[in-house]
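Architecture at a glance
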Amino acid sequence: MGLPNASEDLSAEMEVDAFRRLFPLRYFERHLSESIRPDARPLGRARDTTISLGAVASADGSALAKIGSTTMLAAIKMEVMTPSLESPDEGCVSIDFHMPPICSPIVRPGRPAEAAPVVAKQLSDTILSSGMINLKELSLVSGKAAWMAYLDIYCLDADGALFDAALLSAVAAFSHLQIPVVSLDYDGKIVMVTEEQKEENLENQPVNKDKRKLTLSSIPFSLTCILHKNYILADPTAEEESIMETLVTLVLDSSCQLVSLYKPGGPVLAYTSAVQDCIALTRQRVKELQDILDEAISGMEID
Amino acid sequence: MEIDRADGRNPNQLRPPACSLNVLHRAHGSASWSQGDTKVLAAVYGPKAGTKKNENPEKACIEVIWKPKTGQIGKAEKEFEMILKRTLQSICILTINPNTTTSIIIQVVHDDGALLPCAINAACAALVDAGIPMKHLAVAICCCLAESGYVLLDPTKLEEQKMKAFAYLVFPNSILSVLPEGSSLVQGEPMDHGIITSVTHGAMSVDDYFHCLERGRAASAKLSDFLRSLPSQLPGDISKAV
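Report on the accompanying structure. This structure is a prediction, so every number in the text was calculated from the model and none was measured. (Residues numbered from 1 in each chain as written. Chains lettered and ligands numbered in written order. Predicted model: local features only at pLDDT ≥ 70, side-chain atom pairs only at ≥ 80, totals over all residues. Heavy atoms only, no water.)

Regarding empty space enclosed by the protein
The final tally for this structure, using the stated rule, is 6 cavities of 30 Å³ or more. Here the largest cavity is characterised by a volume of approximately 80 Å³. Lining the largest cavity are Gln122, Asp125, Thr126, Ser129, Val259, Ser260 and Tyr262 of chain A together with Glu79, Val199, Thr200, His201 and Gly202 of chain B. At the level of elements, helix H4 (115-129) and strand S12 (258-262) of chain A together with strand S11 (197-201) of chain B are the ones that each hand at least two residues to the lining of the largest cavity. Of all the elements, H4 of chain A adds the most residues to the lining of the largest cavity, at 4 residues. (1 Å grid on protein atoms, 1.4 Å probe; cavity = no way out; pocket = protein on both sides within 12 Å on 5 of 7 lines; lining within 4 Å. Points joined across faces, edges and corners; volume = space filled by probe spheres on them. Helix = DSSP H or I, 4+ residues; strand = E, 2+ residues; numbered from the N terminus.)

Right under this line is the structure:
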């Protein structure tokens, strides 16, 4: 970047690919001044998003979410545990986020990715503080047994906006979740009810016959934006994230409450007007994502 | 709108900050920062030669190591490390010492609420003590939002747990040099109104967030005056009620 003027002169005679690699910032700014991005998106447009539910057959709930080529696989496993003394009639949700080496060239095998624990922490903060899941619904027998939901999210392809895709896959997995049927045996222990037993119609009544689905209230959706000079770029790719470093992640729930506004540093300062523009973009995106999720769920019900 | 706080402060009142610079002799720069019972020790080593892997060698690299009061470092501490690193990267001038690493070690002495803001202020003071080139200082503040919608500043641990939402906000401190009229305004706002870092917990309405921002900005001005008074004082204990 030492010779900003040199790049100006060279741009006319250099090949586009070479120019992109040598002067990435100039390359992007040239596009931005024309209100377009190198992948032909307008600045405020997110990439194509798809959700497919039930991607993992062995899990109790699962979903595969794709935003552009960023791919996240989320799976939920339910286990029975004894609730803690402080909250005897509440279940628990444990969230983990994994970045295996296949997801990105930056992640090396054997060394855990730096971003993974941070995204995991952000996810569990967001999901728990949004109040999407009523932990009381995860209770089976007050003080004796409750559900522990293990949510694991695997990043299969890290191409920017990791948190957005991870949150979307987590929300989709929770809406796909089917809680297994359990019953009390003679010793007062919780046992799983298998398919055959259901037909045998045994005397042990299932504990949670009519509570097989969670009611999700105020579902959170997020949008990551890049702030660069006066431009706001929605849903950045990994390349954009590495060149322009100021990221803002907003999470709004379906009733437009602000669940999180996360801006970890970055060379560009966020002023009130920029924050308001980001919120407007996120509002739009929440509607889009809500429709995509509803469509995926209704598609499931037809099958 | 009268709110009782356990320690008798009014909602806009911060706990008096206290800071001493150069408390560690082996470190290149160090500071201890306390707000009420929350106390954090920060040490700076560097710039040392070479950058870590996956870092840009054309710029100075900043490394943050967070040491909790007890126990192992967990996910929460990893997140604090990342937020601190990105925040400090944005206030340091990284092009002056390319291909070097500056380590900032944060030791939590006691946590009584507003831990991350306290650590950011401590790190900032330690960087000043070490003479690392910076664009401006960062002023961090914690705003809490109660169920009924009123805002408390600089909560204690107990208050933090009772509140429905809180926000950690970091602002740049205002530049004192003489500037031509209007040049310090960015998009019609003074430069020190920009947000460097914002981390929120809990759901709140958008209006409540802007309300928090406003209150945070007002209080950060006082805190930034306190930070500015630090380097001019002799090493030793300086304490002043804000």
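After that view, the rundown keeps rolling.
Re the layout of surface pockets
To find the voids left in a structure, one rolls a probe of water-molecule size over its atoms. A volume near 460 Å³ is recorded for the second largest pocket. Listed by contribution, the elements that provide at least two residues to the lining of the second largest pocket are H4 of chain A together with helix H1 (75-91), helix H3 (157-162) and strand S8 (165-172) of chain B. Take the lining of the second largest pocket: its biggest share by element is 4 residues, from H4 of chain A.

Focus on the sheet that holds strand S11 (residues 247-253) of chain A
Residue and element names in this part refer to chain A. Taken together, 4 strands build an open sheet; the order of strands is S10-S9-S11-S12 and the sheet is antiparallel. Every other strand in the sheet has two partners, leaving strand S10 (231-234) and S12 as the edge strands with one partner each. Neighbouring strand axes in the sheet, compared pairwise and without regard to direction, differ in orientation by 20 degrees on average. Note that strand S9 (residues 220-228) and S10 share 4 bridges and pair antiparallel. (Pairing = 2+ DSSP bridges. Axes fitted to C-alpha atoms, helices over the stretch in contact; angles between N-to-C directions.)

Focus on the packing of aromatic side chains
The relative placement of two aromatic rings is captured by the distance of their centres and the angle of their planes. Residues and elements named next belong to chain A. Applying the stated criterion across every chain, the model contains 6 aromatic pairs over all chains. Arranged with centres 5.6 Å apart and planes meeting at 45 degrees, the rings of Phe19 and Phe23 form a pair that is tilted. Summarising the aromatic geometry, the rings of Tyr27 and Phe28 are spaced 5.9 Å apart at their centres and angled 85 degrees between planes, so their arrangement reads as edge-to-face. Residue classification places Phe28 among the buried residues on the basis of a relative accessible area of 2%. (Phe/Tyr/Trp six-rings, centres within 6.5 Å; stacked < 30°, edge-to-face > 60°. Buried < 20%, exposed > 50% of the residue type's maximum accessible area, 1.4 Å probe, protein only.)

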